[in-house]
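One letter stands for each residue in the lines below.
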Amino acid sequence: MGRKVILATCSLNQWALDFDGNLERILRSIAIAKSQGAKYRLGPELEIWPIMHHNVRYNCRVIFLNGKILLIRPKMLLDTVPFGDCVLSTKDTCIGSEMCAELWNPRSPHVDMGLDGVEIFTNSSASYHELRKADHRVNLVKSATTKSGGIYMFANQKGCDGDRLYYDGCATVAINGDIVAQGRQFSLDDVEVVTAILDLEDVRSYKGEHCHPHVPCHRVKVDFSLSDCEDVYLPTHQPIEWQFHTPEEEISLGPACWLWDYLRRSGQAGFLLPLSGGVDSSSTACIVYSMCVLVCQAVRDGNTQVLEDVQRVVNDVSYTPRDPRELCRRIFTTCYMASENSSEGTRNRAKDLASQIGSSHMNLNIDMAVKGMLGIFSMVTGKCPQFRANGGSTRENLALQNVQARIRMILAYLFAQLSQWAEGKPGGLLVLGSANVDESLTGYFTKYDCSSADINPIGGISKTDLKSFLQYCVEQFQLTALKSIMAAPPTAELEPLMDGQVSQTDESDMGMTYSELSVIGRLRKISKCGPYSMFCKLIHTWREALSPLQVAAKVKHFFQMYSVNRHKMTTVTPSYHAESYGPDDNRFDLRPFLYNTRWSWQFRAIDNQVGIRQST
């Protein structure tokens, strides 16, 4: 026996029920690991399928050696499991397993295993991307072996598995608290294998100072050695600094990879986006452009799978994408839908951005459709609703805005279905949405408007982060048209212009700024604050800018909007999951969608505290 081991961990872009494709990717990763000299290969969680035991499904790791099963190790955190709580004892070392969330648990299995002398810990994971999460995951991997020494191998899924999540790879190997090998976080490669050469004696030296006798783990003895007696001259991997992406880079890369997986697996011919010239729809457009940049780079790097997928999407087997703008023209259609309430400013901003990213851009006017819809209503009721600016009521004003927004949704789907047909091309287009997470929290959008789409790459991202992302795009992609978009006040442009200028802004409609809304959103979703507890926190957070009375007004206004509009979350477009405070009730927020909008007890408690503060 020697002292050095070559270990391989991987990230695989698996897809639920794609049995043939999943098997091919597993076998390819095994072949790569073998070619790099590895004697142990670790794959991600559920890379194949669950295990049935006594007619019950279990999420398990299955460990093979030369065609024979050595151990079936189930995920222990889900329930009391009647089998598989073991470690493998080879001739030269001891290997323990944990799965995904067990690393995040305060009683992680690696703690007891490490105290009992286990030297190699393996984690098969399906850990999904969230902004600013990677450092937390890396710190957990490092701390797992900082405490009692050892080698930690982390394997992860990558890609869109057919839902709102994007699994972001980051296959990792660490030893004694140091990262020595790092896989990519965002990539269009379906298979990535990361190998490392490590010295078991380094583990033993470290453990000698940190470990003490402990309740023993059950060991399964294996007549096999990971090391080789001729390993003296093998150079070991040295510690590296983990290269973290900025949040702006994460927004550029994560949703772009997710969109590419969705497009190539959906069988559609591209995307259509209603481009308004505002921050949100421009952010969606920039993510599509970033996707095209990644696709062109992958083809240049020799990724034959990406090239094959592109050729299938554009229905041209001779096509090779080289320029992102040219690829954008083939697969991305943007559409500015003007009305009598639209300004020249937004029209020009949309046109300029479309020109810079290369999308196939259309301008159309919806006034004829709006008048036709209102004409039907007037013919039936004898009434003609008016905007508030023309003397109408609040209800009339809102209804007239909603008609415009919903007609835009209908037209978006019409053009998505038929624009390819009109050009003599096969296939349809996926409609992209562009409502941000803050607007979803308050319900500041029309139900079944053009925020209703097939998928939404920014639905889990805050307005504050999107503005920073657009600034990044100006610098990274030289999209200078974004400067005027960022400088303009956010507006829906659904009410009449005043002297040709926009009279309506989003923040005025919402009664708070987007930055204030981001703070409130985290308190509501992550901290699970109701009105009173949120007020108690914000009087300190905002004490330099707002009085308790002003804080109370904002908290009350938010919860009134939140409760009145919560029903909109039942039909919200499936969005890329980027924030833990996403309000999507289909997966991440299971609270009611019908609330008592008066919040009488809670608002009374707030008023009492304000009264006490004012009296003192």
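What you see is a predicted model; the values in this text were computed from it and never measured. (Residues numbered from 1 in each chain as written. Predicted model: local features only at pLDDT ≥ 70, side-chain atom pairs only at ≥ 80, totals over all residues. Heavy atoms only, no water.)

(A) Layout of the overall build of the protein chain. Across its full length, the protein chain carries 19 helices and 19 strands. Relative to its length of 616 residues, the protein chain is compact, with a C-alpha radius of gyration of 28 Å against a globular reference of 25 Å. The principal-axis extent of the C-alpha atoms belonging to the protein chain is close to 90 × 75 × 50 Å. Among the 616 residues that make up the protein chain, the fraction classed as buried is 54%. Contacts in the protein chain between residues at least 24 apart in sequence constitute 74% of all its contacts with a sequence separation of at least 6. Taken as a whole, the protein chain presents about 27,700 Å² of accessible surface, with 54% of it coming from carbon and sulfur. Both charge centroids of the protein chain, one from 63 positive and one from 67 negative side chains, sit 4 Å from each other. (Helix = DSSP H or I, 4+ residues; strand = E, 2+ residues; numbered from the N terminus. Rg over C-alpha atoms; globule rule 2.2 N^0.38 Å. Buried < 20%, exposed > 50% of the residue type's maximum accessible area, 1.4 Å probe, protein only. Contact = heavy atoms within 4.5 Å. Areas by Shrake-Rupley, 256 points an atom, 1.4 Å probe, with all protein chains shown as cover. Lys, Arg positive; Asp, Glu negative; His and termini not counted. Charge placed at Lys NZ, Arg CZ, Asp CG, Glu CD.)

(B) Structural context of the sheet that holds strand β19 (residues 430-431). Strand order in this open sheet of 4 strands is β18-β17-β16-β19, and the pairing throughout is parallel. The open sheet terminates on both sides in strands that have one partner only, identified here as β18 (360-365) and β19. Bridge count for strand β16 (residues 271-274) against strand β17 (residues 332-338) is 4 bridges, and the pairing is parallel. Bridging across to β17, Leu 273 finds its partner in Thr 334. Along the sheet, helix α9 (residues 344-357) contacts β17 and β18; its crossing angle with β17, the most-contacted strand, is approximately 170°. (Pairing = 2+ DSSP bridges. Axes fitted to C-alpha atoms, helices over the stretch in contact; angles between N-to-C directions.)

(C) Focus on the side chain of Ser 563. Summarising the element assignment, Ser 563 is placed in helix α18 (residues 548-565). Of the residues examined, Ser 563 reaches a relative accessible area of 4% and is grouped as buried. Polar contacts involving the side chain of Ser 563 include one to the main-chain carbonyl oxygen of Gln 560, which spans 3.2 Å. When residues no more than four places from it in sequence are discounted, the contact partners of Ser 563 are Tyr 595, Thr 597 and Trp 599. (Polar contact = N/O pair within 3.5 Å; in protein donor to acceptor, adjacent residues only side chain to side chain.)

(D) Looking closely at the packing of aromatic side chains. Using the criterion set out here, one finds 16 aromatic pairs in the structure. Consider the rings of Tyr 58 and Phe 83, whose centres lie 5.1 Å apart with planes at 85°: the pair is edge-to-face. Of this pair, Tyr 58 sits in strand β4 (residues 56-58) while Phe 83 sits in the loop between β6 (68-74) and β7 (87-89), and the two are 25 residues apart along the sequence. Each member of the pair, Tyr 58 as well as Phe 83, carries the same accessibility label: buried. Each ring, one from Tyr 595 and one from Trp 599, has its centre 5.4 Å from the other, and the planes form 25°; the classification is stacked. On the basis of relative accessible area, Tyr 595 is assigned to the buried category, the value being 17%. Trp 599 sits in the buried class, given a relative accessible area of 8%. Ring pairs connect the aromatic residues Tyr 166, Phe 186, Trp 258, Tyr 262 and Tyr 576, which therefore count as one cluster. Between the NZ or CZ atom of Lys 133 and the centre of the ring of Tyr 128, over which it lies, the distance is 4.3 Å. Against the face of Phe 445 rests Lys 568, its NZ or CZ located 5.3 Å from the ring centre. (Phe/Tyr/Trp six-rings, centres within 6.5 Å; stacked < 30°, edge-to-face > 60°. Lys NZ or Arg CZ within 6 Å of the ring centre and 35° of its normal.)

(E) Here's a closer look at the pairing of strand β14 (residues 191-199). Burial within β14 is extensive, with 9 of its 9 residues counted as buried. Every second residue of β14 is oriented toward a common face, with Val 191, Val 193, Thr 195, Ile 197 and Asp 199 on one face and Glu 192, Val 194, Ala 196 and Leu 198 on the other, all of them buried.

(F) Here's a closer look at the pairing of strand β13 (residues 178-182). Two elements, strand β12 (residues 172-175) and β13, share 4 bridges in a ladder whose sense is antiparallel. Bridged to Ile 175 within β13 is Asp 178.

(G) Broad picture of the pattern of salt bridges. Within this structure, the stated rule accounts for 30 salt bridges. For Glu 544, the salt bridge identified is with Arg 543, shortest N-O distance 3.9 Å. Of the two residues, Glu 544 and Arg 543, neither departs from the other in class, the shared state being exposed. Through salt bridges that share partners, Asp 190, Asp 261, Arg 264, Asp 309 and Arg 312 make up one connected network. (Salt bridge = Lys/Arg side-chain N within 4 Å of Asp/Glu carboxyl O.)

(H) Region of the structure containing the nonpolar core. Ranked by internal contacts, the top residues of the largest apolar core, which has 61 residues, are Leu 259, Phe 271, Met 291, Phe 332 and Leu 482. Ranked by residue count, the leading element in this core is helix α6 (residues 279-300), at 12 residues. With near-sequence residues (within four places) excluded, Phe 271 lies in contact with Leu 259, Leu 263, Val 288, Met 291, Ile 331, Phe 332, Thr 333, Leu 429, Leu 430, Leu 432 and Ile 455. (Core = buried A, V, L, I, M, F, W, Y, C linked by side-chain atoms within 4.5 Å.)

(I) Structural view of a nonpolar patch on the surface. Among the surface-exposed residues, Leu 17, Phe 19, Ile 48 and Trp 49 lie close enough to one another that they form a single nonpolar patch of about 490 Å² accessible area. Residue placement: Leu 17 occurs in the loop between β1 (4-12) and α1 (19-35). (Patch = residues over 30% accessible without salt bridge, like charges linked within 9 Å, V, L, I, M, F, W, Y side chains within 5 Å.)

(J) Structural detail: unusual backbone geometry. Of note, Cys 170 is a non-glycine position whose phi angle comes to about 65°, a positive value. Structurally, the position occupied by Cys 170 is in the loop between β11 (166-168) and β12. The buried category is assigned to Cys 170, whose relative accessible area is 3%. Backbone geometry at Asn 176 places phi at a positive 50°, although glycine is not the residue there. Following the sequence through the fold, Asn 176 ends up in the loop between β12 and β13. Judged by relative accessible area, Asn 176 falls into the buried class, the value being 15%.

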